[in-house]
Every structure is written in structure tokens, then in C-alpha cells.
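Coordinates in review
Given next are the chains, with one letter for each unit.
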Amino acid sequence: MTTTQSTEVPTKVAPPAATSPALRVQSAVIKYGFIFVTVTLFAYFALSEPSFRDSATLLDTLRYVSVAAILGLGVTLTMAVGGIDMSVGAVAGLGVTVAAKTMVSYNQVGLVAILAVIAAGALAGLLNALLIVVLKIPDMLATLGTMFVIQGTKLVLVDGQSITPGMTRSDGSTAPGRFTEGFLRIDRGTVLGIPVSVLIFGALTVAAWVFLSRTRWGRVLYAIGANPEASRLAGIRVGAYRALAYVLSGVLASIGGLILASRIGQGDVSAGTSQLLEAVAVALVGTSVLGRGRPNVWGTALGAVLIGIITTGLTIKGLPYYTQDVVEGAVLILALIFSFTLSKRRTA
């Protein structure tokens with residue numbers, strides 16, 4: 001019996017090509033570029049403006065951005081499922097109105113106001129979930145519609161007037177209540193020298209990070225955002241998880257509203273209007289941190305800190321307020337370049 005030997009020559013596997021210096025630099029820029037920008041701006045303001053280095057200034061910076069950061073965490077959750085919540089600013093404004101109405105008009109204690117505000121935020125999130133999950137309206141359009149509804153509703157609740165302690169109401173009577181001292185401590189109080197609002201911001205950031213990165217629910221949210229159809233085929237209740245993201249976003253926005261109400265000490269009907277753009281900006285900026293290219297909690301927190309550094313630094317330098325919007329917009333564009341343009345070139 002004879003055997004035939006194979007004449008095929010074994011294929012040699014080529015060793016992986018060495019990464020070129022240009023690609024290594026590009027990868028480093030994508031991964032650490034935004035952090036470098038933040039550190040550079042901080043160092044510039046700290047070296048050029050002695051008052052910027054003061055610990056009170058730094059804490060005030062964190063206190064200033066705490067509302068936008070908390071709203072940005074809510075936006076981050078909805079971005080994780082492939083959507084976006086454009087109603088967070090209106091929900092925060094509604095929280096201000098509900099808090100003022102509860103304490104000033106109905107003469108209730110701060111705890112009742114807190115519970116009422118959080119309940120209002122959860123209901124706003126449920127409305128978004130109904131429109132998006134049940135009625136199949138695209139996320140952005142649904143939450144934009146909710147934004148206008150909420151803005152109109154809060155005006156109807158107060159007859160278009162800001163609520164202040166001792167105000168004369170439409171029926172001629174005087175409002176009997178006021179903002180309680182305990183409630184005002186939400187933003188004005190400190191614990192070991194740290195503003196309470198900063199502590200709330202830090203605690204919610206850690207909680208959101210644990211939820212998104214260390215629990216099954218968070219991993220499922222990311223899976224839905226990456227491929228909702230594959231998630232559905234895998235047996236995941238996509239609609240329920242998307243609804244959860246929007247309810248949590250509404251609750252977070254309402255907590256931002258509590259801080260805002262405590263900060264201004266009245267039911268300002270225009271409160272929350274400017275918070276939407278900052279919240280969306282910090283969430284989008286966060287996608288570029290460490291080159292992840294996806295919404296993430298620590299990136300959102302860093303984006304909020306960067307916005308605070310820019311705003312505080314330019315204010316100390318005496319630049320007009322309208323120049324700050326230009327700089328913040330330029331930083332957002334830079335972050336998006338890190339997240340999308342450069343990362344796509346690297347993978348091309």
C-alpha cells in the first residue's frame with residue numbers, strides 16, 4: 001500500500017504589522033486628548049489668575065455645574081439606549097415651579113416639596129416612555145414635544161407668574177408659605193466645607209456609574225443602544241428597558257430642579273430654560289473621554305467640569321458672557337472631532 005504525500009506548502013502567518021508612530025499618536029490623541037484639553041485649560045487659568053486657584057472658587061465651580069451635570073447624567077442614560085432626552089431642562093424647570101408651589105402657595109414643609117418634585121419628574125419620564133415605547137414616536141421628536149408641553153404646563157400652574165414668598169396671588173390673597181431653611185440647604189448648605197449640591201452631584205455620578213457599568217441592567221441598556229433588534233431576539237424586553245432609561249432621566253432632571261430651586265429661592269418661570277443645552281453638551285462631550293465613543297458617566301462628569309472651568313475662568317478674566325457660548329461651542333465641536341472624525345479614521 002502506497003501513500004501520497006501532500007505537496008501543499010503550509011501557509012505562513014504573517015506577523016502583525018507594527019503600529020506606525022503616526023497611528024500611535026492618533027490613538028493617544030483620541031484616548032487622552034480631551035483630558036489633556038481639560039488639564040491644559042485648568043493649568044492656564046490657575047497660573048494666569050491667582051483667584052482661580054482658591055479652593056472656594058473651585059468648589060463654586062463644581063456647585064455651578066452640578067445642575068447641568070446631573071441633567072447630563074439623565075441624558076447619558078437615554079443615549080445609552082440609542083435615544084436622547086431633550087426635555088430635561090423643562091423637567092428641571094417644572095421641579096422649580098412644583099417646589100415653590102408646594103412650599104409657598106400650599107405652605108408645606110421641604111420634604112413634601114422634595115417628594116412632589118421627584119414624582120413630577122418620574123411622571124414626565126413616564127410620558128416620554130409612553131410616546132417613545134408605546135406610540136413609537138422617535139426619541140428626539142417625542143421629548144421635544146414633551147418639553148413644550150411641560151413648559152406650558154408650569155406656566156398654567158402659576159398663571160404665568162413667578163412664585164415668591166409673600167406674593168399677592170391672583171385671588172388677592174397673600175401666599176402663606178416660604179422656602180424652608182432645610183430645603184434651601186440643598187444648594188446653599190455645606191458638609192465639611194463642601195456644598196451639599198456638589199456632594200449630591202458626586203453621589204449620583206458614582207451611582208449612575210455603578211448602574212451602567214457594574215450591573216446587568218446597565219449592560220442591557222448599552223446592548224439595546226448598540227443593536228435593539230439583536231437585543232430583542234435575545235429575549236430582552238427592549239421597551240421596558242428604554243422606558244426605565246427615560247423615567248430615570250426624568251427623576252435625575254427633577255433632582256437638578258431641586259438644586260436649582262434651592263439656589264434661586266423662588267419659583268422662577270424661566271428656570272431650567274438654559275439647562276438643556278448644557279446638559280446635552282456635557283453628555284456629548286463625555287463620549288470622547290478615553291476614546292470610548294459612547295455615552296459614559298465619567299465622561300459626562302468630566303465634560304461638566306470642563307464647562308465649569310471655562311465659564312469660571314473666562315468670568316474671572318472679565319470676558320463678556322456671550323463669548324463663553326462661543327468657547328463652549330468650540331470645545332463641544334473639538335470633543336465631537338475626537339469621538340467621531342478621528343476615531344473613524346483610525347478604524348478605516
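Note: the structure precedes this text.
The paragraphs below set out a description of the structure included in this document. All values derive from a computational prediction rather than experimental measurement.

The rules we used
- Residues numbered from 1 in each chain as written.
- Predicted model: local features only at pLDDT ≥ 70, side-chain atom pairs only at ≥ 80, totals over all residues.
- Heavy atoms only, no water.
- Helix = DSSP H or I, 4+ residues; strand = E, 2+ residues; numbered from the N terminus.
- Expected span 1.5 Å × (residues − 1).
- Buried < 20%, exposed > 50% of the residue type's maximum accessible area, 1.4 Å probe, protein only.
- Salt bridge = Lys/Arg side-chain N within 4 Å of Asp/Glu carboxyl O.
- Phe/Tyr/Trp six-rings, centres within 6.5 Å; stacked < 30°, edge-to-face > 60°.
- Lys NZ or Arg CZ within 6 Å of the ring centre and 35° of its normal.
- Contact = heavy atoms within 4.5 Å.
- Axes fitted to C-alpha atoms, helices over the stretch in contact; angles between N-to-C directions.
- Parallel < 35°, antiparallel > 145°, perpendicular 65-115°, else oblique.
- Nonpolar A, V, L, I, M, F, W, Y, C, P; charged D, E, K, R; others polar.

1. Section: helix α3 (residues 88–105)
The terminal C-alpha atoms of α3, which comprises 18 residues, lie 25 Å apart, in line with the 26 Å expected from a rise of 1.5 Å per residue. Counted residue by residue, α3 has 17 buried out of 18 residues, so it is predominantly covered. Trailing α3 by a residue or two, N107 shows a phi angle of about 60 degrees, which is positive.

2. What to know about the pattern of salt bridges
Here the structure, examined in full by the defined rule, presents five salt bridges. The closest approach of N and O atoms between K317 and E49, which form a salt bridge, is 3.3 Å. Of this pair, K317 sits in the loop between α12 (297–316) and α13 (321–347) while E49 sits in the loop between α1 (21–48) and α2 (55–80), placing them 268 residues apart in sequence. Overall, the relative accessible area of 28% leaves K317 in the partly exposed class. Assessed through its relative accessible area of 18%, E49 is described here as buried. One salt-bridge network, in which partners are shared between bridges, spans R63, D187 and R263.

3. Let's talk about the packing of aromatic side chains
Under the counting rule described, the total for this entry stands at five aromatic pairs. With a centroid separation of 5.7 Å and 40 degrees between ring planes, the pair formed by F45 and F52 is classed as tilted. By relative accessible area, which is 4% here, F45 ends up buried. F52 sits in the buried class, given a relative accessible area of 1%. What links up through ring pairs into an aromatic cluster is the set F42, Y44, F45 and F52. We note R294 situated over the ring of Y222; from NZ or CZ to the ring centre the distance is 3.9 Å.

4. Structural notes on the side chain of T97
Counting through the fold element by element, T97 comes out in helix α3. With sequence-adjacent residues up to four places away left out, T97 is seen in contact with K154, V158 and I163.

5. Regarding the packing of helix α7 (residues 196–214) against α12
Where α7 contacts α12, the two axes come as close as 9 Å, and the packing angle between them is 155 degrees. Taken as axis vectors, α7 and α12 run roughly antiparallel relative to one another. Across the interface between the two elements, F201, T205, V206, A208, W209 and L212 from α7 touch V297, W298 and A301 from α12. Classifying every residue of the contact of α7 with α12 by side-chain character gives eight nonpolar, one polar and no charged.

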